[in-house]
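# Residue-level structural notes
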Amino acid sequence: MKNISMVLQGLAAIAVLIAAVPLTLNQLDMRTQRNQVRERAVMHGSLADAAAKTDDHLLAAQSYADALALDPSNAAYRAGLLDANVTRILNDASVIKSDPLRLHAQLADTVTRMPNPSARILTAFGRVLQFRRQGEQAIARFEQAIKVDPKFADAHLYLGDAALKSKKLQTASTHLT
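### A short note on the side chain of His-104
You can see His-104 is positioned in helix 4 (residues 100-113). Residue class for His-104 comes out buried when judged on its relative accessible area of 15%. Beyond its immediate chain neighbours, meaning those up to four positions away, His-104 contacts Phe-125, Val-128, Leu-129, Arg-132 and Gln-134.

### Remarks on the environment of Val-148
Relative to the helices and strands, Val-148 resides in helix 6 (residues 135-148). When its relative accessible area of 46% is taken as the criterion, Val-148 is described as partly exposed. C-alpha of Val-148 to C-alpha of Arg-120: the two residues are 28 residues apart in sequence and 9.6 Å apart in space. Look past the residues within four positions of Val-148 in its chain and what remains in contact with it is Pro-117, Ser-118, Ala-119 and Leu-122.

### Some details on the side chain of Ser-63
Tracing the chain through its elements places Ser-63 in helix 2 (residues 57-70). Residue Ser-63 is classed as buried on the basis of its relative accessible area of 2%. Among residues more than four places away in sequence, those in contact with Ser-63 are His-44, Leu-47 and Ala-48.

### Digging into the packing of helix 4 against helix 5 (residues 119-131)
With their axes 10 Å apart at the nearest point, helix 4 and helix 5 run at an angle of 140° to one another. Handedness of the helix 4/helix 5 crossing: left-handed. Between helix 4, through Pro-100, Leu-103, His-104, Leu-107, Ala-108, Thr-110 and Val-111, and helix 5, the contact on the second element is made entirely by Ile-121, Leu-122, Ala-124, Phe-125, Val-128, Leu-129 and Phe-131. Of the residues belonging to the contact of helix 4 with helix 5, the class tally is twelve nonpolar, two polar and no charged.

What counts as what
Residues numbered from 1 in each chain as written. Predicted model: local features only at pLDDT ≥ 70, side-chain atom pairs only at ≥ 80, totals over all residues. Heavy atoms only, no water. Helix = DSSP H or I, 4+ residues; strand = E, 2+ residues; numbered from the N terminus. Buried < 20%, exposed > 50% of the residue type's maximum accessible area, 1.4 Å probe, protein only. Contact = heavy atoms within 4.5 Å. Axes fitted to C-alpha atoms, helices over the stretch in contact; angles between N-to-C directions. Left-handed = near helix turned anticlockwise from the far one by under 90°. Nonpolar A, V, L, I, M, F, W, Y, C, P; charged D, E, K, R; others polar.

In structure tokens:
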């Protein structure tokens, strides 16, 4: 009887080990997949950094977006994407046409969350608002940008332009001269 009990205990232990092997293999597979995703995110992030250094802000924005899709909690990728998009908007406003709602959402989120957004970010946000025909809100963002950095010429230029389009000639004259 004692021998049967020991044999049953041994069989039970073997059954537990056999059941644990697939679980361990699944955990190993999941860890491998996470590492591969992390490596791909790093690769996209490195490409984005290199593109930003060579002033290819379109490639930088695309690569940061790809890296962020793989690693959504990475603050450096988020900051890089924001900087690339702001630079693209300030250099060529036609990029706003590609996806104005996404750019609006990204910049609105940034301005809301950041305690002190830069004049560049506020001006880019104003450009997006202006493109979306929200002139008064755009003017408010340009004015906010000027308060942050009174010497930021782009903010004065775009404020003057927006004021001119809104028939606020005195404001336009002040900022365009």
